[in-house]
Amino acid sequence: MSKPVTIIMIEDDEGHARLIERNIRRSGVNNEILPFTNGTAAVNYLFGNDGTGVDHKGEALLILLDLNLPDMTGIDILRRVKENKYLKCAPVVVLTTTDDSQEIKRCYELGCNVYITKPVNYESFANAIRQLGLFFSVIQVPQAAT
């Protein structure tokens, strides 16, 4: 039996983080959501004390990633995750205000699975997250390499 998927949310804006979690829950997703407000804490969690990512061997993770973080770029986190043998299969959903076509292309080239530009309007943003939650409820997430 596979382990439940843990959602890793890397979002520095606390208002956005609350909105994301609330609307994912409204769509019926009850998975554990681990919030991180900066890249350093998220990277430390993802890669563990030894920096290898082996701590998550056999776990199913889904990463929600903002690109604009106070201490490092989401691009750097995406690159590291997709280059890591234990984490590279974890789906990464980039959820950011950046809608630059070059940035979008770069994220897909680095291996992001979905790129969503956060709508500016509150209701549109809430609706987009509810739809994302519905998406989470049907996708299959592989366990990290063993």
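The shown structure was predicted, so the numbers you read here are calculated from the model rather than taken from an experiment. (Residues numbered from 1 in each chain as written. Predicted model: local features only at pLDDT ≥ 70, side-chain atom pairs only at ≥ 80, totals over all residues. Heavy atoms only, no water.)

**Section: the packing of helix α1 (residues 14–26) against helix α5 (residues 122–138)**
Argument step 1. α5 packs onto α1 with a crossing angle of 50° between their chain directions and a minimal axis gap of 8 Å. Judged by the inter-axis angle, α1 sits oblique to α5. The two elements α1 and α5 cross, and the hand of that crossing is right-handed. Two secondary-structure elements touch here, α1 through His-16, Leu-19, Ile-20, Arg-22, Asn-23, Ile-24 and Arg-26 and α5 through Tyr-122, Phe-125, Ala-126, Ile-129, Arg-130 and Phe-136. (Axes fitted to C-alpha atoms, helices over the stretch in contact; angles between N-to-C directions. Helix = DSSP H or I, 4+ residues; strand = E, 2+ residues; numbered from the N terminus. Parallel < 35°, antiparallel > 145°, perpendicular 65-115°, else oblique. Left-handed = near helix turned anticlockwise from the far one by under 90°. Contact = heavy atoms within 4.5 Å.)

**Quick notes on the packing of aromatic side chains**
Argument step 1. Applying the stated criterion across every chain, the model contains one aromatic pair.
Argument step 2. A ring pair is formed by Phe-36 and Tyr-45, whose centres lie 5.4 Å apart and whose planes are at 35°; its orientation type is tilted.
Argument step 3. For Tyr-45, a relative accessible area of 27% puts it in the partly exposed group.
Argument step 4. Residue placement shows Arg-80 over the ring face of Phe-47; its charged tip is 4.4 Å from the ring centre. (Phe/Tyr/Trp six-rings, centres within 6.5 Å; stacked < 30°, edge-to-face > 60°. Buried < 20%, exposed > 50% of the residue type's maximum accessible area, 1.4 Å probe, protein only. Lys NZ or Arg CZ within 6 Å of the ring centre and 35° of its normal.)

**Description of the UniProt feature "modified residue: 4-aspartylphosphate" (unreviewed entry) in the chain**
Argument step 1. Mapped onto this numbering, the UniProt entry annotates "modified residue: 4-aspartylphosphate" (unreviewed entry) at Asp-66.
Argument step 2. Here Asp-66 is to be found in the loop between β3 (60–65) and α3 (74–83).
Argument step 3. For Asp-66, a relative accessible area of 4% puts it in the buried group.
Argument step 4. Setting aside its immediate chain neighbours within four residues, Asp-66 contacts Ile-10, Glu-11, Asp-12, Gly-74, Leu-95, Thr-96 and Lys-118. (UniProt positions renumbered as here; feature names shortened; annotations may be inferred.)

**Some words on α3**
Argument step 1. For α3, the full list of buried residues reads Gly-74, Ile-75, Ile-77, Leu-78, Val-81 and Lys-82. With its buried residues spanning 160° around the axis, α3 presents them on a single face.
Argument step 2. Tucked inside the fold, the buried residues of α3 contact β1 (5–10), α2 (39–47), β3, β4 (92–96) and α4 (101–110). (Arc of directions from axis to C-beta.)

**Some points on the sheet that holds β3**
Argument step 1. A sheet is described by the order of its strands in space; here five strands give the open sequence β2-β1-β3-β4-β5, paired in parallel fashion. In this open sheet, the two strands that pair with only one neighbour each are β2 (33–36) and β5 (114–117). Neighbour to neighbour, the strand axes of the sheet diverge by 20° on average, direction disregarded.
Argument step 2. The pairing of β4 with β5 spans four bridges and is classified as parallel. Across the sheet, residue Thr-96 finds its bridge partner in β5, namely Thr-117.
Argument step 3. Sitting on the sheet, α4 is in contact with β4 and β5, with an inclination near 155° to β5. (Pairing = 2+ DSSP bridges.)

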